[in-house]
Amino acid sequence: MKIIGVSAYYHDSAAALLIDGTLVAAAQEERFTRLKHDASFPENAIRFLLEHQGIELIDIDYLVFYDKPLVKFERLLETYLSYAPKGLRSFLASMPVWLKEKLFLKQQLKKEFSKLSGLKHNDLPPLMFTEHHQSHAASAFFPSPFQRSAVLCVDGVGEWVTTSVWLGDGNRLDPIWEIHFPHSLGLLYSAFTYYAGFRVNSGEYKLMGLAPYGEPRYVKQIYEHLIDVKPDGSFRLNMDYFNYTTGLTMTNAKFNQLFEGLPRAPESPISQKEMDLACSIQLVIEEVILRITSHIKEQLDVDHLCMAGGVALNCVTNGMLLRENLFKEIWIQPAAGDAGGAVGAAFSLWHEYLDNPRATGFPGKDKMRGARLGPSFGTTEISRALDGMGAVYQVMDDEDLMPTLARLLDEGHVLGRFQGKMEFGPRALGGRSIVADPRCSKMQSILNLKIKYRESFRPFAPSVKAEESSKWFDLHVHSPYMLLVAQIIKEKQIPMTNGDKKEIGFNKLKLVRSLLPAVTHVDYSARVQTVSQETDPKYWSLLDHFHRRTGCPVLINTSFNVRGEPIVCTPEDAYACFMGTEMDFLVIENFLLEKKLQPAPQPAKVWKEKFKLD
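Residues numbered from 1 in each chain as written. Predicted model: local features only at pLDDT ≥ 70, side-chain atom pairs only at ≥ 80, totals over all residues. Heavy atoms only, no water.

A.B. asks: Which residues make up the overall build of the protein, and what values go with them?
C.D. replies: Of regular secondary structure, the protein possesses 20 helices and 21 strands. Against the globule reference of 25 Å for 614 residues, the protein gives a C-alpha radius of gyration of 24 Å, in line with a compact fold. For the protein, the C-alpha atoms occupy an extent of roughly 65 × 65 × 50 Å along the three principal directions. Here the protein, with 614 residues, has 60% of them falling under the buried criterion. Long-range contacts, defined as pairs at least 24 residues apart, comprise 72% of the intrachain contacts of the protein with a sequence gap of at least 6. Carbon and sulfur atoms provide 52% of the accessible area of the protein, an area that totals close to 24500 Å². A distance of 4 Å separates the average location of the 69 positive side-chain charges in the protein from that of its 73 negative side-chain charges. (Helix = DSSP H or I, 4+ residues; strand = E, 2+ residues; numbered from the N terminus. Rg over C-alpha atoms; globule rule 2.2 N^0.38 Å. Buried < 20%, exposed > 50% of the residue type's maximum accessible area, 1.4 Å probe, protein only. Contact = heavy atoms within 4.5 Å. Areas by Shrake-Rupley, 256 points an atom, 1.4 Å probe, with all protein chains shown as cover. Lys, Arg positive; Asp, Glu negative; His and termini not counted. Charge placed at Lys NZ, Arg CZ, Asp CG, Glu CD.)

Shown next as structure tokens:
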């Protein structure tokens, strides 16, 4: 039986394919259209799924969408009525889209599927709908390695729900309790993202990265004015300070007054105030999540926790939960945002609607296939693409390639790495990555300013051989999806002098804090990816060769793209990004390219014209 799950029309559209309950492929639409967070119908992603299996849409048994648009429309109408006459401008702006397309989404989806396949509406596979948080919960629990688990979903908002708790047991998900719009941790965090001058639904991770530069001096104001939190973690926001229910912005004049100023203008200098705001709201989110999970543990008496929803991508919070040891194990859906809703919708239909049991016999292993679920390219396709662009390359076998790459990295070169299936979700995990030497104190600045063309404060993540991770990081579990933050162990840290401790703001950037300065954030933390030989033998081999050469089993791993660009998908995307930056080498499978040998060796630097700033 074949099921295609789809998420679309909000942000991060995606499609996923289940065959007899096994997730075989998934991809986000942005990777094909090159429009970051593309919300359009995922036509290209669906085509990939079908081509991946050599089938057509008529061979699919069910199509399932990740939320219920009529319920969402009900929430919009009730919200506008509750706040009337406020919000008239926002109401008039949103209603034409709803009345033209979203309200009749079932017909719109059938129209798109018909256009894609050539099938008439009546000949399409049955089209089903799950609820938004049900999709999140299913994406967290059903692919997890647990047979019984609590499930926590926290995001901006689905139809009505913003926070939900479930009990997963076998092939069932039972809702336990939920919190409704407008009270939302995701939207609270997005409000601060907006106020700090970053783009909502895109810049939240920047706020998280900015937090360690600040001090939590606004925590008291947040608790006194913005959010009321109960001991069990349930909460309510004071909507007097927010504008997202009725307006076109996240915050209002009263919010500005509370924090003594207008929102920071995008791309303007970042001040200590933004750093302190980021630190404060990060701490509040962590405290609320800790209360919720402590209550879940007591209420449900379970050993395991699964998480999804956009807030589950806050890896600092995830690391805090891990250190608290409330649960024996935590598993987080790697595509925790809306893209993962496509996976969850398909799993929900397979297990809950069709009542199929979950597969057993894979203890400790999840069903996400390392998130390597996207397109891959063979030798013929790659050579045709490179020849078509006039690229100069050499082909090497693995025995020669891996030590060569390790040498290049040891010499300080920056390498674009394109290998195997493209990752599903927001993190590059070695398949579409830029890698470099983490021992170089200047590498963080080089990568930010010359390769990624992004803000200098943003940290980079390390990939480490799984068996070596505890020798470098205070982490004793696997973290294959780069969703946990851990401290550099004391033995690898470089203590700060009294003078160092007095540095504030971005002055902290210049301090060398560990033997891995390029991946050590200013609070001695790192967002760790563990790489096992079993699940990703080629990436592990590169790390192993670098380890044998240098004594360091760690590489910098950042996504293969520039600021505002989706992660590269095809060899053509990789070559264009390589040529448009100051990257030194590119390896596509076993094809090695050196920048200075290319026909146009100077970077074009046209990324600002091609991609909107995130």
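A.B. asks: Residue-level account of the sheet that holds strand β7 (residues 161-169), with values.
C.D. replies: Taken together, five strands build an open sheet; the order of strands is β8-β7-β6-β11-β12 and the sheet is mixed. Strand pairing shows two members of the sheet lacking a second neighbour, β8 (172-180) and β12 (329-332), which therefore form its edges. Here the strands of the sheet are splayed against their neighbours by 20° on average, with no regard to which way each runs. (Pairing = 2+ DSSP bridges. Axes fitted to C-alpha atoms, helices over the stretch in contact; angles between N-to-C directions.)

A.B. asks: Describe helix α7 (residues 185-195), listing the residues and the values that go with them.
C.D. replies: Summarising burial for α7: ten of the eleven residues are buried, a large majority. Among the residues of α7, Leu185, Gly186, Leu187, Leu188, Tyr189, Ser190, Ala191, Phe192, Thr193 and Tyr195 are the ones counted as buried. By the N-cap criterion, in which a side-chain oxygen at the helix start approaches the backbone nitrogen of a residue two or three places on, α7 is capped by Ser184, the distance to Gly186 being 3.3 Å. Following α7 by one or two positions, Gly197 has its phi on the positive side, about 95°. (Polar contact = N/O pair within 3.5 Å; in protein donor to acceptor, adjacent residues only side chain to side chain.)

A.B. asks: Before we move on, can you summarise the packing of aromatic side chains with the specific residues and values?
C.D. replies: Considering all chains together, one arrives at 23 aromatic pairs under this definition. Aromatic ring contacts, followed pair by pair, group Phe181, Phe192, Tyr195, Tyr218, Phe242, Tyr244, Phe255 and Phe259 into a single cluster. If you follow Arg358 out to its NZ or CZ, it ends over the ring of Phe141, 4.2 Å from the centre. Lying across the ring of Phe578, Lys595 places its NZ or CZ 4.7 Å from the centre. (Phe/Tyr/Trp six-rings, centres within 6.5 Å; stacked < 30°, edge-to-face > 60°. Lys NZ or Arg CZ within 6 Å of the ring centre and 35° of its normal.)

A.B. asks: Residues and numbers for the pairing of strand β18 (residues 525-531), please.
C.D. replies: Across the seven residues of β18, six count as buried, placing the element largely inside the fold. The pairing of strand β16 (residues 461-465) with β18 spans three bridges and is parallel. Each residue of the ladder has a partner; that of Lys465, found in β18, is Val531. In terms of strand pairing, strand β17 (residues 484-487) meets β18 through four bridges, oriented antiparallel. The residue bridging Gln487 from the neighbouring strand is Ser525, located in β18.

A.B. asks: Go over the pattern of salt bridges, please, and point to the residues and values.
C.D. replies: Overall, the coordinates contain 25 salt bridges when judged by the stated rule. Measuring nitrogen to oxygen at the nearest pair gives 3.0 Å for the salt bridge that ties Glu30 to Arg31. The salt bridge partner of Arg407 is Glu411, with a shortest N-O separation of 3.2 Å. Put simply, Asp410, Asp437, Arg439 and Arg549 are held in one network by salt bridges that share partners. (Salt bridge = Lys/Arg side-chain N within 4 Å of Asp/Glu carboxyl O.)

A.B. asks: Describe in detail the environment of Ala45, supporting the description with residues and values.
C.D. replies: As for its position among the elements, Ala45 is in helix α2 (residues 43-53). The sequence separation of Ala45 and Leu23 amounts to 22 residues, and the corresponding C-alpha distance is 15 Å. Discounting chain neighbours no more than four positions away, the residues touching Ala45 are Ala15, Ala27, Glu29 and Phe32.

A.B. asks: Before we move on, can you summarise the packing of helix α15 (residues 398-410) against helix α18 (residues 537-550) with the specific residues and values?
C.D. replies: Two elements in contact, α15 and α18, have axes separated by 9 Å at closest approach and are oriented at 55°. The angle between α15 and α18 places the two elements in the oblique class. Handedness of the crossing formed by α15 with α18: right-handed. Between α15 and α18, the residues in contact are Asp398, Met402, Pro403, Leu405, Ala406, Arg407, Leu409 and Asp410 and Lys538, Ser541, Leu542, His545, Phe546, Arg549 and Thr550, respectively. Among the residues making up the contact of α15 with α18, the classes are represented as seven nonpolar, three polar and five charged. (Parallel < 35°, antiparallel > 145°, perpendicular 65-115°, else oblique. Left-handed = near helix turned anticlockwise from the far one by under 90°. Nonpolar A, V, L, I, M, F, W, Y, C, P; charged D, E, K, R; others polar.)

A.B. asks: Break down helix α16 (residues 443-451) for me, citing the residues and quoting the values.
C.D. replies: Note: α-helices contain 3.6 residues per turn, so residues at a spacing of three or four share the same orientation. Buried within α16 we find Met443, Gln444, Leu447, Asn448 and Ile451. The arc enclosing the buried residues of α16, seen along the axis, measures out at 130°, which places them on a common side. Looking at the buried side of α16, the elements it contacts are β15 (432-436) and β19 (554-559). Once α16 finishes, Tyr453 follows within two positions and takes phi at roughly 55°, a positive value. (Arc of directions from axis to C-beta.)

A.B. asks: Which residues make up unusual backbone geometry, and what values go with them?
C.D. replies: Here the bond from Phe181 into Pro182 is cis, since omega is 10°, no more than 30 degrees from zero. Looking at the element boundaries, Pro182 is found in the loop between β8 and α7. Phi at Asn201 takes a positive value of approximately 70°, unusual for a residue other than glycine. Here Asn201 falls in the partly exposed class, since its relative accessible area comes to 33%. A positive phi is found at Glu589, a non-glycine position, where the angle reads about 50°. If you trace the backbone, Glu589 turns up in the loop between β20 (585-588) and β21 (591-594).

A.B. asks: Tell me about a nonpolar patch on the surface, residues and numbers included.
C.D. replies: On the surface, Ile494, Val512 and Leu515 cluster together into a nonpolar patch covering about 220 Å² of accessible area. Inspection of the secondary structure assignment puts Ile494 in the loop between β17 and α17 (498-501). By relative accessible area, Ile494 is classed as partly exposed at 31%. (Patch = residues over 30% accessible without salt bridge, like charges linked within 9 Å, V, L, I, M, F, W, Y side chains within 5 Å.)

A.B. asks: Could you give an account of the sheet that holds strand β1 (residues 2-7), naming the residues involved and the relevant values?
C.D. replies: Sheet strands pair by backbone hydrogen bonding; their relative direction is either parallel or antiparallel. What the five strands build is an open sheet, ordered β3-β2-β1-β4-β5; its pairing is mixed. Edge positions in the open sheet fall to β3 (22-28) and β5 (127-129), since each of these has one partner strand only. On average, each strand axis in the sheet is tilted by 20° relative to the strand beside it, whichever way the strands run. The strands that helix α5 (residues 105-117) touches are β1, β4 (62-65) and β5; relative to β5, the one it contacts most, it runs at about 140°.

A.B. asks: Go over the environment of Gly431 with me, naming the residues and quoting the values.
C.D. replies: Here Gly431 shows up in the loop between β14 (415-418) and β15. When the C-alpha positions of Gly431 and Gly420 are compared, they lie 5.9 Å apart, and in sequence the two are eleven residues distant. The contact partners of Gly431, leaving out residues within four places of it in the chain, are Arg372, Arg417, Phe418, Gln419 and Glu423.

A.B. asks: Which residues make up a negative patch on the surface, and what values do they have?
C.D. replies: There is a patch of like negative charges on the surface, built from Asp20, Glu56, Asp59 and Asp61. Here Asp59 lies in the loop between α2 and β4.

A.B. asks: Lay out the nonpolar core in plain terms, naming residues and giving numbers.
C.D. replies: Ranked by size, the top nonpolar core spans 199 residues in total, and within it Ile4, Phe192, Ile227, Phe242, Phe259 and Phe473 carry the most contacts. Among the elements that line this core, the one with the most residues is helix α11 (residues 272-300), at eleven residues. Not counting chain neighbours up to four residues away, the residues in contact with Ile227 comprise Leu185, Leu188, Ile222, Phe235, Arg236, Leu237, Val284 and Val288. (Core = buried A, V, L, I, M, F, W, Y, C linked by side-chain atoms within 4.5 Å.)

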